[in-house]
Amino acid sequence: EAGVTQSPTHLIKTRGQQATLRCSPISGHTSVYWYQQALGLGLQFLLWYDEGEERNRGNFPPRFSGRQFPNYSSELNVNALELEDSALYLCATSGGRGNIQYFGAGTRLSVL
Amino acid sequence: QKEVEQDPGPLSVPEGAIVSLNCTYSNSAFQYFMWYRQYSRKGPELLMYTYSSGNKEDGRFTAQVDKSSKYISLFIRDSQPSDSATYLCASNAGGTSYGKLTFGQGTILTVHP
C-alpha cells in the first residue's frame, strides 16, 4: 500500500514568489495535515483539512493557505515568500480513531 | 512553557544498550501519545502510539504513558546503529484541537557499533 506522497521533493523560490506544495494521502484517509519543520524550531502545526473543509489552523499568517480536493489530496500555497519560510514542509494523513497521523517525506522549500 | 517538553540530547550509547527517551506535557486534554522516528532529511515515521495511560510493547520498543505525572517514555532494548535518528514525542487533544499534533523538540540519538 502506498504511503503519503508529497511533491515536489525540493522547491527553490525567491522572495516574494508563490510556492505550491502537493500531498496525496494514504488510500482511505480523509484528513490531511500540514506541518512546518524549520531549523531549530521543531514541527509546527499549519493546517488541518477534513472532508474538503479547513478544520483548524496554526499560528501562521494568512499567506499560508491550502485546500483539499474531492479525492482527499491537498495543496499548500505560500504567497509572498519570505526568507524565513525556508523549511521542510510535511504532510500527514489520518483516517481513523485518534487521528493517528502518518507522514510523507516532505518538501524542502528554499527561499533565496 | 511549551505544551510538550523533550530533552534534545544529544544522546550517545553503545550498541546493545537500553535507551530511555522521555517527554513531559502540560495539557491535561491530551489523549493520544505518539512516538515518531525521523532520519536526517526524511519525514517522521510513526513508531508507536498509546491512548491514555499504560504501556505498549512492539518488538524492541516499549512506550509508557503516566497521565498522573504527565510523563511519556519510550524504551529501546538492544539498541542498534540503525536506531540512530531523532525521536519525537507528540500528543493530541480533543475538541477543536483534535487534528493538531503537538510535538516535543526531538531527541537526537546515536548508537555506536
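Owing to the predicted nature of the structure, the values given are computational and were not obtained by experimental measurement.

**Quick word on the overall build of chain A**
The helix and strand inventory of chain A stands at 0 helices and 11 strands. Start at the N end of chain A and walk to the C end: the helices and strands fall as β-β-β-β-β-β-β-β-β-β-β. Radius of gyration (C-alpha) of chain A: 13 Å, near the 13 Å computed for a compact globule of 112 residues. Judged by the C-alpha coordinates and their principal axes, chain A covers about 40 × 25 × 25 Å.

**Notes on the packing of aromatic side chains**
Counted according to the given criterion, the structure contains 11 aromatic pairs over all chains. On the numbers, 5.3 Å between centres and 65° between planes, the contact of F60 of chain A with F64 of chain A is edge-to-face. Assigned by exposure class, F60 of chain A and F64 of chain A land together as buried. Residues Y32 of chain B and Y51 of chain B carry aromatic rings whose centres are separated by 4.7 Å and whose planes lie at 45° to one another, so their mutual orientation is tilted. Taken together, the residues span a long stretch of sequence, with Y32 of chain B in strand β4 (residues 30-38) and Y51 of chain B in strand β5 (residues 45-51) at a distance of 19 residues. For Y51 of chain B, a relative accessible area of 45% corresponds to the partly exposed category. Through a chain of ring-to-ring contacts, three or more aromatic side chains come together here, namely Y35, F45 and F103 of chain A together with Y36 and F103 of chain B. When the ring centre of Y49 of chain B is taken as reference, the NZ or CZ atom of K56 of chain B above it lies at 4.1 Å.

**What about the nonpolar core?**
Grouped together as the largest cluster of nonpolar side chains are 23 residues, with contacts concentrated most on W35, L74, I76 and Y87 of chain B. Of all the elements in the fold, those that place two or more residues in this core are β3 (19-25), β4, β5, β7 (61-66), β8 (71-76), β9 (85-93) and β11 (107-112) of chain B. By size, the runner-up hydrophobic cluster in this structure holds 22 residues, among which are L11, I26, L47 and F64 of chain A.

**Quick word on the interface of chain A and chain B**
Taken residue by residue, the interface counts 19 residues in chain A and 20 residues in chain B. For the chain A and chain B pair, buried surface summed over both sides reaches about 1700 Å², with 58% attributable to carbon and sulfur atoms. For the pair chain A and chain B, the number of links is 0 salt bridges. For the pair chain A and chain B, the interface holds 3 residue pairs in polar contact (both at pLDDT 80 or more). Elements supplying a minimum of two residues to the side of chain A that touches chain B: β4 (31-38), β5 (42-50), β9 (87-94) and β10 (102-103) of chain A. Taken together, the residues that form the side of chain A that touches chain B break down as 11 nonpolar, 6 polar and 2 charged.

**A word on unusual backbone geometry**
All names here are of chain A. P8 follows S7 through a cis peptide bond whose omega is -10°. With respect to the secondary-structure elements, P8 resides in the loop between β1 (5-7) and β2 (10-13). Even without a glycine there, the phi angle at Y72 is positive, about 75°. The topology assignment puts Y72 in the loop between β7 (64-68) and β8 (74-78).

**Some details on the side chain of T62 of chain B**
Residues and elements named next belong to chain B. Its place among the elements puts T62 in strand β7. Assessed through its relative accessible area of 10%, T62 is described here as buried. At 2.9 Å, the side chain of T62 forms a polar contact with the side chain of R77. If near-sequence neighbours (up to four positions away) are discounted, T62 is found in contact with M48, K56, E57, S73, L74, F75 and R77.

**Remarks on the state of the cysteines**
All names here are of chain A. Considering all chains together, one arrives at 2 disulfides over all chains under this definition. C23 shares a disulfide with C91; S-S distance 1.8 Å. Between C23 and C91, the disulfide has an S-S torsion of -60° and is therefore left-handed. Placement of C23 in strand β3 (residues 19-24) and of C91 in strand β9 is noted, with a sequence separation of 68 residues between them. Residue C91 is classed as buried on the basis of its relative accessible area of 0%.

Parameters at a glance
Residues numbered from 1 in each chain as written. Chains lettered and ligands numbered in written order. Predicted model: local features only at pLDDT ≥ 70, side-chain atom pairs only at ≥ 80, totals over all residues. Heavy atoms only, no water. Helix = DSSP H or I, 4+ residues; strand = E, 2+ residues; numbered from the N terminus. Rg over C-alpha atoms; globule rule 2.2 N^0.38 Å. Phe/Tyr/Trp six-rings, centres within 6.5 Å; stacked < 30°, edge-to-face > 60°. Buried < 20%, exposed > 50% of the residue type's maximum accessible area, 1.4 Å probe, protein only. Lys NZ or Arg CZ within 6 Å of the ring centre and 35° of its normal. Core = buried A, V, L, I, M, F, W, Y, C linked by side-chain atoms within 4.5 Å. Contact = heavy atoms within 4.5 Å. Buried area = accessible area lost by both parts, 1.4 Å probe. Salt bridge = Lys/Arg side-chain N within 4 Å of Asp/Glu carboxyl O. Polar contact = N/O pair within 3.5 Å; in protein donor to acceptor, adjacent residues only side chain to side chain. Nonpolar A, V, L, I, M, F, W, Y, C, P; charged D, E, K, R; others polar. Disulfide = S-S within 2.5 Å.

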